[in-house]
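Structure at a glance
Below, each chain spelled out in residue letters.
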Amino acid sequence: HLIHALHNHAFLFVVFIIMILTDAITSWVEPGTKGLWTDSAIWLDTIMMIWIPLYLLISLKKVYRQGWALTLIKFSLLGVSYMFLLVTVTSAAALAGFVLL
């Protein structure tokens with residue numbers, strides 16, 4: 001479970017780094033908001049944002065070798081719990097940072 005979680009987080013970090021670099025290069029090459037580089041960056045960001053949940057779902061299916069119904073249920077429950085924990089911890093860190101200033 002830990003190896004799979006680390007693999008998925010590494011995948012997310014690499015995708016987000018690619019998106020950040022693409023946006024930085026686009027704003028450096030093409031400072032305006034219109035043009036081929038900007039349109040390409042928008043398309044790449046859109047494709048990657050669609051690919052992220054698909055990749056996570058497919059990896060869950062491949063690693064645990066279960067049917068699609070059970071995989072979708074697990075994917076949904078994991079997604080909801082992960083988002084709940086992410087929002088809770090982020091809010092607590094922000095509140096602690098605000099209070100400790």
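About the cut-offs
- Residues numbered from 1 in each chain as written.
- Predicted model: local features only at pLDDT ≥ 70, side-chain atom pairs only at ≥ 80, totals over all residues.
- Heavy atoms only, no water.
- Axes fitted to C-alpha atoms, helices over the stretch in contact; angles between N-to-C directions.
- Helix = DSSP H or I, 4+ residues; strand = E, 2+ residues; numbered from the N terminus.
- Parallel < 35°, antiparallel > 145°, perpendicular 65-115°, else oblique.
- Nonpolar A, V, L, I, M, F, W, Y, C, P; charged D, E, K, R; others polar.
- Buried < 20%, exposed > 50% of the residue type's maximum accessible area, 1.4 Å probe, protein only.
- Phe/Tyr/Trp six-rings, centres within 6.5 Å; stacked < 30°, edge-to-face > 60°.
- Lys NZ or Arg CZ within 6 Å of the ring centre and 35° of its normal.

1. Thoughts on the packing of helix 1 (residues 2-29) against helix 2 (residues 36-64)
In a packed pair of helices, the relevant descriptors are the angle between the two axes and the axis-to-axis distance. Orientation of helix 1 relative to helix 2, taken along the N-to-C sense of each, is 175 degrees, at an axis distance of 10 Å. Between helix 1 and helix 2, the interaxial angle falls into the category roughly antiparallel. Residues belonging to the contact of helix 1 with helix 2 are distributed by class as follows: 20 nonpolar, seven polar and two charged.

2. As for unusual backbone geometry
Unlike most non-glycine residues, Arg65 shows phi in positive territory, near 50 degrees. Take Arg65: it is sitting in the loop between helix 2 and helix 3 (68-100). What makes Arg65 exposed here is its relative accessible area of 76%.

3. Quick look at the packing of aromatic side chains
For any pair of aromatic rings, the description rests on two quantities: the centre-to-centre distance and the angle between the ring planes. One pass over the structure, following the stated rule, counts two aromatic pairs. Seen in terms of ring centroids, Phe11 and Tyr55 are 3.9 Å apart; in terms of plane orientation they differ by 25 degrees. Their pairing is stacked. Of the two residues, Phe11 is situated in helix 1 and Tyr55 in helix 2; the sequence distance between them amounts to 44 residues. Consider the rings of Trp51 and Tyr55, whose centres lie 6.0 Å apart with planes at 55 degrees: the pair is tilted. Here Trp51 and its partner Tyr55 are both found in helix 2, four residues apart, which amounts to about one turn of the helix. Relative accessible area serves as the criterion here: at 40%, Trp51 is assigned to the partly exposed category. Taking the ring centre of Trp68 as reference, the NZ or CZ of Lys61 above it sits at 5.2 Å. Taking NZ or CZ as reference, Lys74 lies 4.4 Å from the ring centre of Tyr64, over its face.

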